[in-house]
Amino acid sequence: MAEREPIASAPKDGSRVTVYWTDSDGVMNESLARWDAEDQAWWAYTDSKTQKKVEPASWRPENSDEAGDEE
């Protein structure tokens, strides 16, 4: 699994990445999200049908290869 990076280094090209953000109850969340250039904001999926604007603190690339790079 890739290491977390500061959110400032996350791609803002609309690609999906995993972000880490704290909700209003102080609970840390991990969600799939993308940067929306029009809104200038991060939108995270809170479930399969719902997105929410969030302010993530860090991110990591989405895992496209579940098996990893192990040989």
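Please read these numbers as outputs of a predicted model, since none were measured by experiment.

A. Quick peek at the nonpolar core. In terms of nonpolar packing, the biggest core is built from 11 residues, these being Ile 7, Ala 10, Val 17, Val 19, Trp 21, Ala 33, Trp 35, Trp 42, Ala 44, Val 54 and Trp 59. If you list the elements that add at least two residues to this core, you get strand 2 (16-22), strand 3 (28-36) and strand 4 (41-45). Counting residues per element, this core draws most heavily on strand 2, which supplies 3 residues.

B. Fine view of the sheet that holds strand 2. Reading across from one edge, 1-6-2-3-4-5 is the order of the 6 strands in this open sheet, with antiparallel pairing throughout. Taken across any chain shown, the strands that pair with only one partner, and hence form the sheet edges, are strand 1 (5-6) and strand 5 (51-54). As defined by bridge partners, strand 4 adjoins strand 5 across 4 bridges and the pair is classed as antiparallel. Counted as the bridge partner of Ala 44 is Lys 52 from strand 5.

C. Just the pairing of strand 6 (residues 58-61), in detail. Across 2 bridges, the pairing between strand 1 and strand 6 is antiparallel. In the strand pairing of strand 6, Pro 6 is matched with Ser 58. Bridge count for strand 2 against strand 6 is 4 bridges, and the pairing is antiparallel. Following the sheet pairing, Tyr 20 is matched in strand 6 by Ser 58.

D. Molecular detail of the pattern of salt bridges. Summed over the entire model, instances satisfying the criterion amount to 2 salt bridges. A salt bridge links Arg 60 to Glu 30; the shortest N-O distance between them is 3.1 Å. Pair noted here: Arg 60 is in strand 6 and Glu 30 is in strand 3, with a separation of 30 residues, a long-range link. Using a relative accessible area of 7% as the deciding quantity, one classes Arg 60 as buried. For Asp 36, the salt bridge identified is with Arg 34, shortest N-O distance 3.4 Å. Arg 34 gets classed as partly exposed once you look at its relative accessible area, which sits at 24%.

Procedures and definitions
- Residues numbered from 1 in each chain as written.
- Predicted model: local features only at pLDDT ≥ 70, side-chain atom pairs only at ≥ 80, totals over all residues.
- Heavy atoms only, no water.
- Core = buried A, V, L, I, M, F, W, Y, C linked by side-chain atoms within 4.5 Å.
- Buried < 20%, exposed > 50% of the residue type's maximum accessible area, 1.4 Å probe, protein only.
- Helix = DSSP H or I, 4+ residues; strand = E, 2+ residues; numbered from the N terminus.
- Pairing = 2+ DSSP bridges.
- Salt bridge = Lys/Arg side-chain N within 4 Å of Asp/Glu carboxyl O.

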